[in-house]
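Listed here are the chains, written in short residue letters.
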Amino acid sequence: MFKVISVFLIFMMVLAIFGRLRFPGQQKLKDMKCPRCGRYKIGKGACACEKGKP
């Protein structure tokens, strides 16, 4: 019983450590959002909200 509990606690600690890691590319995805409307921009052009189209 003690082994099962200790393995479970170790597994939960490993999950907590991996949950705190920042994956590469997160900042790039955050920068791709439009600052006005919050939608993701595709390509290098202006967002649809800046063009006046919904």
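My aim in this report is to walk through the structure given alongside it, one point at a time. (Residues numbered from 1 in each chain as written. Predicted model: local features only at pLDDT ≥ 70, side-chain atom pairs only at ≥ 80, totals over all residues. Heavy atoms only, no water.)

All right, on to the overall build of the protein chain then. Per the secondary structure count, the protein chain includes 3 helices and 0 strands. What you see in the protein chain, going N to C, is helices and strands ordered as α-α-α. Accessible surface computed for the protein chain: about 5400 Å², of which carbon and sulfur atoms make up 68%. (Helix = DSSP H or I, 4+ residues; strand = E, 2+ residues; numbered from the N terminus. Areas by Shrake-Rupley, 256 points an atom, 1.4 Å probe, with all protein chains shown as cover.)

Mapping Cys 47 onto the fold places it in the loop between helix 2 (26–31) and helix 3 (48–51). On the basis of relative accessible area, Cys 47 is assigned to the buried category, the value being 7%. Residues Cys 47 and Lys 33, spaced 14 residues apart in sequence, show a C-alpha to C-alpha distance of 9.2 Å. (Buried < 20%, exposed > 50% of the residue type's maximum accessible area, 1.4 Å probe, protein only.)

Together, Met 1, Ile 5, Phe 8, Leu 9, Phe 11, Met 12 and Leu 15 give the surface a local cluster of nonpolar side chains, amounting to about 770 Å² of exposed area. By secondary structure assignment, the location of Leu 9 is in helix 1 (residues 2–20). Judged by relative accessible area, which is 47%, Leu 9 ranks as partly exposed. (Patch = residues over 30% accessible without salt bridge, like charges linked within 9 Å, V, L, I, M, F, W, Y side chains within 5 Å. Salt bridge = Lys/Arg side-chain N within 4 Å of Asp/Glu carboxyl O.)

Evaluated as defined, the whole model comprises 0 disulfides. In this structure Cys 37 is a free cysteine whose sulfur lies 3.7 Å from that of Cys 47, the closest cysteine sulfur available. (Disulfide = S-S within 2.5 Å.)

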